[in-house]
Amino acid sequence: MNPARDEILQALRNNRPTPENHPLPPVRTLGDLDASRERFIASLKILGGDVLEPVEGETLDQAIARRHPDAKVICSNVPEARGTLPVEKVKTPQDAATIDVTVVRAPFGIAEMGSIFLSESQLPINSFAHLGQHIVVLLSPDSITANMHTAYQERPEFRSANYGVLMSGPSATADIQGVLIRGAQGVRSLSVWFA
C-alpha cells in the first residue's frame, strides 16, 4: 500500500536479530520459593477454591457426586472420571453452557496464587473451563511450582501453548462498596483433586 512503509518494515524484518545471535537475558528468580502443597491449598482457599479430598476407597466419580449431588451433566476430559457427556460432543460454547461439572487435568499449579494453568491441550474449546457451573481440576502435587517467576522458567507450557489461562478459584466480581459475588461470570466453584 505505502511503498516507504513497506520498505522500512521489510528492512526491519531482514535485520531482526535471531535468538541464536542475541539470547535473551536470564530471568531472575524472585519471591518465596515454597512450592508446597500446603501453600497451594492455603492460597487456593483464600481465593474461594477448595480441595476435593477423597474419602477412603472413593473414586473420582463418587467424590464428584458427593460434592455436586444435583449435577446431571458432567463432562470429563480425563480418564479417571467417566462423566455423563462425552467431551467429544462439546464442540461449541453453547454445548459447554449445559455442563454442570467440568473435569480437567492441569499441567501445573502455582503455589503463591493457588492457581492452575489450562491451555488448548486440556480444553477442547476455550469456553470449556468457564461456562460450566463447577470445575474439578486434577493436579499432581509434584507439578506445583512456587510462583509466576518459577512457572515461567520451569514450565514449557508457557512457551508451547497457543493460549493459556490461570484460574484461581471460582469466578468473582466486586463492586465499589466491596461486595464480593462468587460465580458471577464463570464457574461457581473450583475444586482441586490431587492425583
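Predicted model, so just to flag it, every value in this text is computed and none were measured. (Residues numbered from 1 in each chain as written. Predicted model: local features only at pLDDT ≥ 70, side-chain atom pairs only at ≥ 80, totals over all residues. Heavy atoms only, no water.)

Describing the confidence of the model for the chain
For step 1, the next point in the chain: Summary statistics for the chain give a mean pLDDT of 90 and a share of 97% for residues scoring 70 or more.
For step 2, the next point in the chain: Strand β11 (residues 180-182) is the least confidently modelled element of the chain, averaging 75 in pLDDT, while strand β5 (residues 108-110) averages 98, the highest of any element. (pLDDT = per-residue confidence, 0-100. Helix = DSSP H or I, 4+ residues; strand = E, 2+ residues; numbered from the N terminus.)

So, the sheet that holds β5
Hydrogen bonding along the main chain pairs the strands of a sheet, whether they run parallel or antiparallel.
For step 1, the next point in the chain: Read across the sheet, four strands follow the order β8-β5-β6-β9 without closing on themselves; strand pairing throughout is mixed. At either margin of the open sheet sits one strand with a lone partner, and together these are β8 (144-145) and β9 (164-167). (Pairing = 2+ DSSP bridges.)

Quick word on helix α2 (residues 37-46)
For step 1, the next point in the chain: For α2, the complete set of buried residues consists of R39, F40, I41, S43 and L44.
For step 2, the next point in the chain: Taken together, the buried residues of α2 touch β1 (50-51), β5, β6 (115-119), β7 (134-139), β8 and β12 (189-194). (Buried < 20%, exposed > 50% of the residue type's maximum accessible area, 1.4 Å probe, protein only. Contact = heavy atoms within 4.5 Å.)

A look at the pattern of salt bridges
For step 1, the next point in the chain: Applying the stated criterion across every chain, the model contains seven salt bridges.
For step 2, the next point in the chain: A salt bridge links R105 to E80, with the nearest nitrogen and oxygen atoms 2.4 Å apart. Of the two residues, R105 is situated in strand β4 (residues 101-105) and E80 in the loop between β2 (74-76) and β3 (85-86); the sequence distance between them amounts to 25 residues.
For step 3, the next point in the chain: Residue classification places R105 among the partly exposed residues on the basis of a relative accessible area of 34%.
For step 4, the next point in the chain: Each of K45, D50 and R67 takes part in one network of salt bridges that share partners. (Salt bridge = Lys/Arg side-chain N within 4 Å of Asp/Glu carboxyl O.)

Considering the nonpolar core
For step 1, the next point in the chain: Counting 28 residues, the largest nonpolar core has F40, I116, L118, F128 and I135 as the members making the most contacts within it.
For step 2, the next point in the chain: Every residue in contact with I135, bar those within four places of it in the chain, is listed here: T102, V104, L118, A129, M167, V187, S189, L190 and S191. (Core = buried A, V, L, I, M, F, W, Y, C linked by side-chain atoms within 4.5 Å.)

Here's the deal with helix α1 (residues 3-14)
For step 1, the next point in the chain: With twelve residues, α1 should cover 16 Å at 1.5 Å per step; its first-to-last C-alpha distance of 16 Å lies within 8% of that length.
For step 2, the next point in the chain: Two or three places before A4, at the start of α1, stands the capping residue N2, its side-chain oxygen 3.2 Å from that residue's backbone nitrogen. (Expected span 1.5 Å × (residues − 1). Polar contact = N/O pair within 3.5 Å; in protein donor to acceptor, adjacent residues only side chain to side chain.)

Quick word on the packing of aromatic side chains
To describe a pair of aromatic rings, you give the distance between the ring centres and the angle between the ring planes.
For step 1, the next point in the chain: Applying the stated criterion across every chain yields a total of five aromatic pairs.
For step 2, the next point in the chain: Taking 6.5 Å as the distance between ring centres and 45° as the angle between the ring planes, the aromatic pair formed by Y152 and F158 counts as tilted.
For step 3, the next point in the chain: Judged by its relative accessible area of 42%, Y152 falls in the partly exposed class.
For step 4, the next point in the chain: By relative accessible area, F158 is classed as partly exposed at 27%.
For step 5, the next point in the chain: Taken together through their ring pairs, the aromatic side chains of F108, F117, Y152 and F158 make up a single cluster. (Phe/Tyr/Trp six-rings, centres within 6.5 Å; stacked < 30°, edge-to-face > 60°.)

A word on the environment of N147
For step 1, the next point in the chain: One can find N147 in the loop between β8 and α5 (148-154).
For step 2, the next point in the chain: N147 has contacts with L30, G31, D32, L33, I110 and E112, leaving out every residue within four places of it along the chain.
For step 3, the next point in the chain: Only 2.9 Å separates the side chain of N147 from the backbone nitrogen of H149, close enough to count as a polar contact.
For step 4, the next point in the chain: Among the polar contacts listed, one links the side chain of N147 to the backbone nitrogen of T150, at a separation of 2.9 Å.

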